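In case you want the letters, here they are:
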Amino acid sequence: MQMPREYKSERRSGAASLDAGSFFAEVSPPSLSPEQAGRIHAAPDRRSDLYSLGICIYELLTGVSPFQDSDSSTMSHLQCTRVPSPPDSVNPDIPPILSKIILKLLEKSAAGRYQSCSGLRNDLFQCLNDCKVLGKTSEFLLGLHEVSSIFRIPETLFGRFPEQEALHQVCDAVSAGAAEFVLLRGRAGIGKTALAQALGKYAEVKKGCFLSGPCAQFQSGIPYLPIIRALKELVRQILTENDASIQRWKREILTAIDPNGRILIDFIPEIKGIIGEQPPVPELPPEQTFNRFRLVFRSFLKACTVCRSPIILFLDNVEWADPDSIRLIADLPADSSLHGLLLVCSEDEGGMCPRQAESMLDVWDNSGKKSHCISLSPLTRDDIRRLLSETLFCKPEQSAALAQVCLEKTLGIPLCIREFLCALHRDGLLFFDTIRMIWQWKMEAIEKREVLNDLLGLYSAKMRNLPEASQRILKMMAFQDGSADLPADHEPAEDVQKRLQQLADQGLLVQSDQALVPAGAYGFVHELARQAAFSLIAEDELAALHHASARRLEQSARPQDGSGRLFEIAGHLNAGGTGMLGPFRVVSNYNNKLIV
Ligand SMILES: Nc1ncnc2c1ncn2[C@@H]1O[C@H](COP(=O)(O)OP(=O)(O)OP(=O)(O)O)[C@@H](O)[C@H]1O
Ligand SMILES: [Mg+2]
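Figured I'd write up the structure that's included with this text. This is a predicted model, so every value here is computed, not measured.

1. Focus: the pattern of salt bridges
A complete count under the given rule lists 21 salt bridges for this structure. Glu35 is the salt-bridge partner of Arg113, the closest N and O atoms lying 2.8 Å from each other. In this pair, Arg113 sits in the loop between helix H6 (96-105) and helix H7 (117-134) while Glu35 sits in the loop between helix H2 (20-31) and helix H3 (46-62), placing the two residues 78 residues apart along the sequence. Taking relative accessible area as the criterion, Arg113 reaches 1% and is therefore assigned buried. On the accessibility criterion, Glu35 (3% relative accessible area) is buried. A salt bridge links Asp266 to Arg262, with the nearest nitrogen and oxygen atoms 3.7 Å apart. On the criterion of helical spacing, the pair formed by Asp266 and Arg262 is a turn pair, its members being four residues apart in helix H12 (residues 261-267). Through salt bridges with shared partners, a single network forms among Arg294, Arg298, Lys302, Asp331 and Asp335.

2. Considering the packing of helix H14 (residues 286-307) against helix H15 (residues 323-330)
As a packed pair, H14 and H15 sit with axes 10 Å apart at the nearest point and diverge in direction by 55°. Judged by the inter-axis angle, H14 sits oblique to H15. Seen from above, H14 lies across H15 with right-handed handedness. Contacts between H14 and H15 involve Glu287, Phe290, Phe293, Arg294 and Phe297 from the first element and Asp324, Arg327 and Leu328 from the second. Residues belonging to the contact of H14 with H15 are distributed by class as follows: four nonpolar, no polar and four charged.

3. Considerations on the site of ligand 1
Within the structure, ligand 1 sits among 19 residues, and Phe158, Lys192, Thr193, Ala194 and His526 are positioned closest to it. Taking His526, its side chain carries an N or O atom lying 3.0 Å from an oxygen atom of ligand 1. Here ligand 1, which alone exposes 630 Å², has 89% of that area covered by the protein. Of all the elements in the fold, those that place two or more residues in the shell around ligand 1 are helix H9 (192-205) and helix H19 (414-426).

4. Let's talk about the nonpolar core
Among the nonpolar cores identified, the biggest contains 74 residues, and Leu421, Tyr459, Met463, Leu474 and Phe524 are the most heavily contacted of them. Among residues more than four places away in sequence, those in contact with Leu474 are Met463, Leu466, Leu503, Leu508, Leu509, Phe524 and Ala533. In this structure, Phe181, Ala230, Cys307 and Leu361 belong to the second largest nonpolar core, which totals 57 residues.

5. Quick word on the state of the cysteines
Enumeration according to the criterion identifies zero disulfides in this entry. For Cys304, which is in no disulfide, the shortest distance to another cysteine sulfur is to Cys307 and amounts to 6.8 Å.

6. Details of the sheet that holds strand S5 (residues 371-375)
Judged by pairing direction, the sheet is parallel, and its five strands sit side by side in the order S2-S3-S4-S1-S5 without closing on themselves. Since the sheet does not close on itself, it has two edges, and those belong to strand S2 (209-214) and S5, each with one partner. This sheet shows a mean twist of 15° between the axes of neighbouring strands, independent of strand direction. With five bridges connecting them, strand S3 (residues 311-316) and strand S4 (residues 341-348) associate as parallel partners. The residue of S4 that forms the bridge with Leu313 is Leu343. This element, helix H16 (residues 356-366), spans strand S1 (179-186), S4 and S5 of the sheet and lies at about 155° to S1.

7. Some thoughts on helix H8 (residues 161-175)
Taking 1.5 Å per residue, 15 residues should reach 21 Å; H8 reaches 21 Å between its end C-alpha atoms and fits that length. Looking only at H8, the buried set comprises Glu163, Gln164, Glu165, Leu167, His168, Val170, Cys171 and Val174. One or two positions beyond H8, positive phi appears at Gly177, with a value near 120°.

8. Remarks on the packing of helix H22 (residues 468-479) against helix H23 (residues 493-505)
For the pair H22 and H23, interaxial distance at closest approach is 10 Å and the crossing angle is 80°. Our classification of the angle between H22 and H23 gives roughly perpendicular. Here H22 contributes Ala469, Ser470, Ile473, Leu474 and Met477 to the contact with H23, which in turn contributes Val496, Arg499, Leu500 and Leu503. Considering only residue class, the contact of H22 with H23 consists of seven nonpolar, one polar and one charged.

9. Digging into unusual backbone geometry
The bulk of non-glycine residues show a negative phi, and the bulk of peptide bonds are trans. The peptide bond linking Asp258 to Pro259 adopts the cis configuration, its omega dihedral lying at 5°. Residue Pro310 is bonded to the preceding Ser309 through a cis peptide linkage, with omega at 5°. Note on placement: Pro310 falls in the loop between H14 and S3. A positive phi is found at Tyr224, a non-glycine position, where the angle reads about 60°. Counting through the fold element by element, Tyr224 comes out in the loop between S2 and helix H10 (225-239). With a phi angle near 60°, Leu411 is a residue other than glycine that sits in the positive phi range. Structurally, Leu411 is set in the loop between helix H18 (400-410) and H19. Given the relative accessible area of 40%, Leu411 is considered partly exposed.

10. Examining the packing of aromatic side chains
What the rule picks out here adds up to seven aromatic pairs. Measuring from centroid to centroid gives 5.5 Å for Tyr224 and Phe267, while their planes differ by 85°, and the two rings are edge-to-face. Highlighted residues: Tyr224 in the loop between S2 and H10 and Phe267 in helix H12, separated in sequence by 43 residues. We classify Tyr224 as buried; its relative accessible area is 2%. Since its relative accessible area comes to 11%, Phe267 is described here as buried. On the basis of an interplanar angle of 50° and a centroid distance of 4.4 Å, the ring pair of Tyr224 and Phe293 is categorised as tilted. You can see Tyr224 sitting in the loop between S2 and H10 and its partner Phe293 sitting in helix H14, a full 69 residues away along the chain. Every member of this aromatic cluster is reached through a ring pair, and the members are Phe151, Phe432 and Trp439. We note Lys104 situated over the ring of Tyr114; from NZ or CZ to the ring centre the distance is 5.4 Å.

11. Some remarks on the environment of Asn91
Relative to the helices and strands, Asn91 is located in the loop between helix H5 (87-90) and H6. We classify Asn91 as buried; its relative accessible area is 10%. A C-alpha to C-alpha distance of 8.7 Å links Asn91 and Gly63, two positions 28 residues apart in sequence.

Cut-offs applied
- Residues numbered from 1 in each chain as written.
- Chains lettered and ligands numbered in written order.
- Predicted model: local features only at pLDDT ≥ 70, side-chain atom pairs only at ≥ 80, totals over all residues.
- Heavy atoms only, no water.
- Salt bridge = Lys/Arg side-chain N within 4 Å of Asp/Glu carboxyl O.
- Helix = DSSP H or I, 4+ residues; strand = E, 2+ residues; numbered from the N terminus.
- Buried < 20%, exposed > 50% of the residue type's maximum accessible area, 1.4 Å probe, protein only.
- Axes fitted to C-alpha atoms, helices over the stretch in contact; angles between N-to-C directions.
- Parallel < 35°, antiparallel > 145°, perpendicular 65-115°, else oblique.
- Left-handed = near helix turned anticlockwise from the far one by under 90°.
- Contact = heavy atoms within 4.5 Å.
- Nonpolar A, V, L, I, M, F, W, Y, C, P; charged D, E, K, R; others polar.
- Near = heavy atom within 4 Å.
- Polar contact = N/O pair within 3.5 Å; in protein donor to acceptor, adjacent residues only side chain to side chain.
- Areas by Shrake-Rupley, 256 points an atom, 1.4 Å probe, with all protein chains shown as cover.
- Core = buried A, V, L, I, M, F, W, Y, C linked by side-chain atoms within 4.5 Å.
- Disulfide = S-S within 2.5 Å.
- Pairing = 2+ DSSP bridges.
- Expected span 1.5 Å × (residues − 1).
- Phe/Tyr/Trp six-rings, centres within 6.5 Å; stacked < 30°, edge-to-face > 60°.
- Lys NZ or Arg CZ within 6 Å of the ring centre and 35° of its normal.

Written as structure tokens, this is what we have:
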């Protein structure tokens, strides 16, 4: 096989004169995999390297790049949408089977590529062997030895290409200096959080940052909690940067908020690591305290967009945000000097207060800044077919009938599809045939399965059938926002560990690599599972838990904990009611005091 002449001469004349920096500046972006380019929601892994290797081999053997456009954004669009011309159509010297191997390396979705170097090596050896034995290459099934027998649904987003494209355009506009608002709407489990997280990856590729502030139903009494969570995330990111960069952040932040640095420290104690100790601020009446905080918050955000842009502030499940956070963000569009900020809110359209975010759309529209509302629809049969083919290592047409049943049983809601497939696998209706080395399923039995589109009901039913001790663990975790810290009188740690593992096996919990919980810990598989566990807690049990938590927090409080701790104690005392404490009420105010 001949290597193209132009390619050889180009390498001889060009490559030696390029230094490493300019070489990668020129060569890297087109060889980035779609997930590395932030176009596909999936974490890069070794399969991303196999994609880049595919690009190198393609260029080496054809002398041209599989995607060509002088404009970098069109280029990355092509990378995600266009199937490259088969290498053997560009250079007929390339054997057809080698051409297929290269195209397999260049699959958009990582699950469609070789899963490991050894899979690629096996196929290349097979080509070599055929050449030695037969004198030419022959056709064979690629990647035959690497069908995974481990059941794993890929993290890729299926069927969200138009929404992702729309979000990328908004993100590009914000990178160029705009300030915009996006509302993601849809029913529970439809994929709002996953879509926002995918946007976060895109923003990170653009050198921006994505700050997520989840709002939870049981914490809507803690002022500014989602915003504090999001800003803590930013501070954590800044603190991982080098000294020069931290100094730059410090300068920008202090210039913007001086002399009110102490207010930020009160809400985000970790920020002291960036701006240092700050002098106390005078006490003001509540309304003026709010106004001062509003100004500090805005100035802080603006300072951040100077250092890094775009900044995406994502308030997840905004229907549960506390009124102070809503007031704070509703005020943002009024500031004409705000640039480089994208506010994204997700809202469950079947939730309790579905008009919360809609009124924010009006506020942004009235201020002359752009706002967008993206409603997410269920996945189609074709989307599910692709999801199945990547999970079960089969061709999409082989999974068409199963996709149809999945659609009927789950109404195309991604979370329900995942739960449905996991349940099929758990119950042995979806299994790996170790003799034929393929995934198989029992269609008749699957067709008889119940419809699965009420997840809260499903999780509740599962939990009610559990032993008392397991229910107690779940209740504590639901109450403690996912933490499995149990009271001292609970069963021994190793028994708890066993129960946690059983709960994970039953699809109620997941381990930290799959959930946003600390390493090694367990978290709920979904917010709805947490809600189901919370609803198991009886009224008097709940009051006792709140009072115990208030007491524990109060005993462990340190002066440097900031006002968040104070509000948390107040929240527990209020939620616990007066029944066990006597006739008094606790109110939190803006001066970080508890009025009892
Ligand atoms: N387009 C998609 N393709 C495949 N899987 C998806 C897709 N969208 C979401 N998922 C998966 O479905 C599950 C539920 O998604 P997600 O949590 O984003 O839903 P949600 O709309 O935020 O739900 P909630 O309203 O309860 O917060 C996740 O495991 C996610 O990875
Ligand atoms: Mg969500």
